[in-house]
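Here's the letter readout for the chains.
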Amino acid sequence: MSQSFIINGGKSLKGSIDVYGSKNATTPILAATLLSKEPSIVSNIPLIEDVLNLLNIIESLGAKVTWLGTKTVKIDPEKLSLKNLDQKLIKKIRSSVLLIAPLCARFKKFELMQPGGCLIGVRPVDTHFEALGELGLETTTVNGFYHFKYNPKIAKQEIILKEFSVTATENVLMLASTLPQTTIIKIAAIEPHVLDLVTFLNKMGAKITHLPNHSFKIKGNPKLKGVKKHEIIPDPIEAGSFIIMGMACKSNIKVNNVRLDHLEIVMKKLHEFNGKFIITLQDKSKKLYSVEILPSEIKAVSKVQTLPYPGIPTDLQSIFGILATQANGTTIIQDPMYEGRLKYVDELIKMGANAIIADPHRALIVGPNPLYGQEITSFDLRAGMCLIIAALVAKGESKISNIYQVDRGYEKIDERLKKINADIVRVDI
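Heads up: these notes are all about the structure in this document. (Residues numbered from 1 in each chain as written. Predicted model: local features only at pLDDT ≥ 70, side-chain atom pairs only at ≥ 80, totals over all residues. Heavy atoms only, no water.)

1. Describing the nonpolar core
Note the following rule: We define the nonpolar core as a collection of buried residues of types Ala, Val, Leu, Ile, Met, Phe, Trp, Tyr and Cys that are connected through side-chain atoms lying within 4.5 Å of one another. Note on exposure labels: buried denotes an accessible area under 20% of the residue type's maximum, exposed denotes more than 50%, and partly exposed covers the range between, all computed with a 1.4 Å probe on protein chains only. The contact criterion used throughout is that any non-hydrogen atoms of two residues lie within 4.5 Å.
Ile-100, Leu-173 and Leu-201 are the most contacted members of the largest nonpolar core, which has 74 residues in total. For Ile-100, the contacting residues outside a window of four places in its chain are Phe-110, Leu-112, Phe-129, Leu-132, Leu-137, Phe-148 and Asn-171. Formed by 70 residues, the second largest nonpolar core is a distinct cluster that contains Ile-243, Ile-244, Val-304 and Val-406.

Here it is in structure tokens:
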């Protein structure tokens, strides 16, 4: 049964909202637990669709998954088997591509259905296969299935990725960590969640060093061990979403559990939008801060362009888009990474935004413009959060359909928003 959100907007938000664990860190780390035959314990896991589906896939492989608390899971992968692998779930989530490296390490020969995920444009896995091929993986495609055959004896010692692919970097890091050699990865992604995976792999017994110029040096270990304790980093995308939500709604809210070192350029850009904040240290050892948003007149910036980290994340592009509708002046939103990530702009136009899509990678938004409640559709995970913020800003009632996409990345978002005075209801269709 599908569901929608009904939101009555125009209300001032108030109170505090916590940032939960990073979706993009959780999925590769859960996959990495399969590299060892020993159990690992991972905490601060977000209870979202993509994570729960990946855990179900891991269970279908024969791993024992035990919940030690609300957000802490123990995974014992000693007795893995391909016999009951849930290929339908593999197809359902994009993050299932992260299983390639662990399954190479454990089985050498296997097959997976082509993965699913957000409809945000072309997301080829060529970078994965080319890079993993240099580590000894042979890949063929037959009737919607990838067939893999792995020979670690022919692994090269230097891998140069053809783009800053996060998941390709993560797959190579995982597989290289199991090899009895030193491997260098160049043109690697260095997002915070990639570095969280590196921390986890080092706890397993690999020796990974972050080198300059987007590179890693990996001294592998064929006998990786389990990890007794690992806490997932707070989600920088969720933190950025909530901070921008407070600004767009011109509301005094406080966002807790923020890693500001993961959001440096985002916060710099928000200051350019005339964002006003009170920042308080929460936990020095974990580098956590609370960010209180003070209502202010939003000023347009000339351009918001997404780039690989440490640039502005593509996952926050649509969130900046809704902020631009409330800013005084003209802002260009540019996303060179995905040509399908601007579909949300048409939904904002329905609500009254003064915006045009110039080409598949650029939108022009002029503000400030009042928004009005409409029936709108979430096309992908991040656009869904953008439209929730738009509905909170808008006057009147909005109905957002296809909210499954939002549930994939934001845990119980409706319940959390209600606690800060949002008028939002989840309804079955």
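2. Here's the deal with unusual backbone geometry
Formally: Strands here mean DSSP runs of E at least two residues long; helices mean DSSP runs of H or I at least four residues long; both are numbered from the N terminus.
Residue Pro-310 is reached from Tyr-309 by a cis peptide bond, and omega for that bond is 20°. If you trace the backbone, Pro-310 turns up in the loop between β17 (303-305) and α10 (317-325). Positive phi, close to 40°, is recorded for Lys-412, a residue that is not glycine. A relative accessible area of 47% means that Lys-412 is categorised as partly exposed.

3. Considerations on the packing of helix α6 (residues 166-176) against helix α7 (residues 192-204)
Helix packing for two helices is described by the angle between their axes and how far apart those axes are. What counts is decided by this rule: To get an axis, a line is fitted to the C-alpha atoms, and for a helix only the part in contact is used. The angle between two axes follows their N-to-C directions and goes from 0 to 180 degrees. Under this scheme an angle from 65 to 115 degrees is roughly perpendicular, one under 35 degrees roughly parallel, and one over 145 degrees roughly antiparallel; angles in between are oblique. When residue character is reported, Ala, Val, Leu, Ile, Met, Phe, Trp, Tyr, Cys and Pro are called nonpolar, Asp, Glu, Lys and Arg charged, and the others, Gly included, polar.
At a minimum axis distance of 10 Å, the contact between α6 and α7 shows a crossing angle of 10°. The orientation of α6 relative to α7 falls into the category roughly parallel. The residues of α7 that touch α6, namely those facing Val-166, Thr-169, Glu-170, Leu-173 and Met-174, are His-193, Val-194, Leu-197, Val-198 and Leu-201. Residue classes in the contact of α6 with α7 are distributed as seven nonpolar, two polar and one charged.

4. Re the sheet that holds strand β21 (residues 375-377)
To be explicit about the condition: Two strands qualify as a pair provided that DSSP identifies no fewer than 2 bridges between them.
Strand order in the open sheet formed by four strands is β21-β22-β1-β23, with mixed pairing between adjacent strands. The sheet is open, and its two edges are formed by β21 and β23 (423-428), each paired on a single side. Ignoring which end each strand starts from, the neighbouring axes of this sheet average 25° apart. By the bridge criterion, three bridges tie β21 to strand β22 (residues 396-401) in an arrangement that is parallel. When the sheet's bridge partners are listed, Ile-376 is paired in β22 with Ile-400. The sheet strands contacting helix α12 (residues 381-393) are β1 (3-9), β21 and β22, and the helix crosses β1 at an angle near 35°.

5. Some thoughts on the packing of aromatic side chains
As a reminder of what qualifies: Aromatic pairing here means that ring centres of Phe, Tyr or Trp (its six-membered ring) are within 6.5 Å. Orientation follows from the plane angle: under 30 degrees is stacked, over 60 is edge-to-face, and everything else is tilted. In this scheme, Lys NZ or Arg CZ marks a charge over a ring once it lies within 6 Å of the ring centre and within 35 degrees of the ring normal.
Under the defined criterion, the tally for this structure stands at five aromatic pairs. Geometrically, the ring pair formed by Phe-129 and Phe-148 is edge-to-face, given 5.7 Å between the ring centres and 65° between the ring planes. Of this pair, Phe-129 sits in helix α5 (residues 126-133) while Phe-148 sits in strand β8 (residues 145-150), placing them 19 residues apart in sequence. On the basis of relative accessibility, which here comes to 2%, the residue Phe-148 falls in the buried class. The aromatic ring of Tyr-20 is capped on one face by Lys-71, whose charged end is 3.4 Å from the ring centroid. Lying over the aromatic face of Tyr-20, Arg-416 brings its terminal NZ or CZ to 3.7 Å of the ring centre.

6. Focus on the side chain of Ser-4
With respect to the helices, strands and loops of the structure, Ser-4 is situated in strand β1. When near neighbours in sequence (up to four residues on either side) are disregarded, Ser-4 contacts Lys-399, Ile-400, Ser-401, Ile-403, Val-425, Arg-426, Val-427 and Ile-429.

7. Overview of the pairing of β8
On β8, burial follows the alternation: Tyr-146, Phe-148 and Tyr-150 on one face are buried, whereas Phe-145, His-147 and Lys-149 on the facing-out side are not. Looking at chain direction, strand β6 (residues 109-113) and β8 are connected through five bridges and run antiparallel. Paired with Glu-111 across the bridge in β8 is His-147. Direction of pairing for strand β7 (residues 137-142) relative to β8: antiparallel, over a ladder of six bridges. Bridged to Thr-139 within β8 is Phe-148. Counting the residues that bridge the hairpin from β7 to β8 gives two residues, and of these Asn-143 lies at a positive phi of roughly 50°.

8. So, the pattern of salt bridges
Two side chains bearing opposite charge may form a pair once their charged atoms approach each other closely. We count it as follows: Salt bridge criterion: a side-chain nitrogen from Lys or Arg within 4 Å of a carboxyl oxygen from Asp or Glu.
All chains considered together, the criterion is met by 16 salt bridges. Across the salt bridge formed by Glu-297 and Lys-250, the nearest N and O atoms sit 3.6 Å from each other. With Glu-297 in the loop between β16 (288-294) and β17 and Lys-250 in the loop between α8 (236-248) and β14 (252-258), this pair connects stretches of sequence that are 47 residues apart. What makes Glu-297 exposed here is its relative accessible area of 57%. According to the relative accessible area criterion, Lys-250 is partly exposed, its value standing at 36%. Among the ionic pairs, Arg-426 bridges to Asp-414, the shortest N-O distance being 3.1 Å. In this pair, Arg-426 sits in strand β23 while Asp-414 sits in helix α14 (residues 413-418), placing the two residues twelve residues apart along the sequence. Classification of Arg-426 by relative accessible area gives partly exposed; the value is 25%. Within the structure, one salt-bridge network assembled from shared partners comprises Lys-23, Asp-50 and Arg-408.

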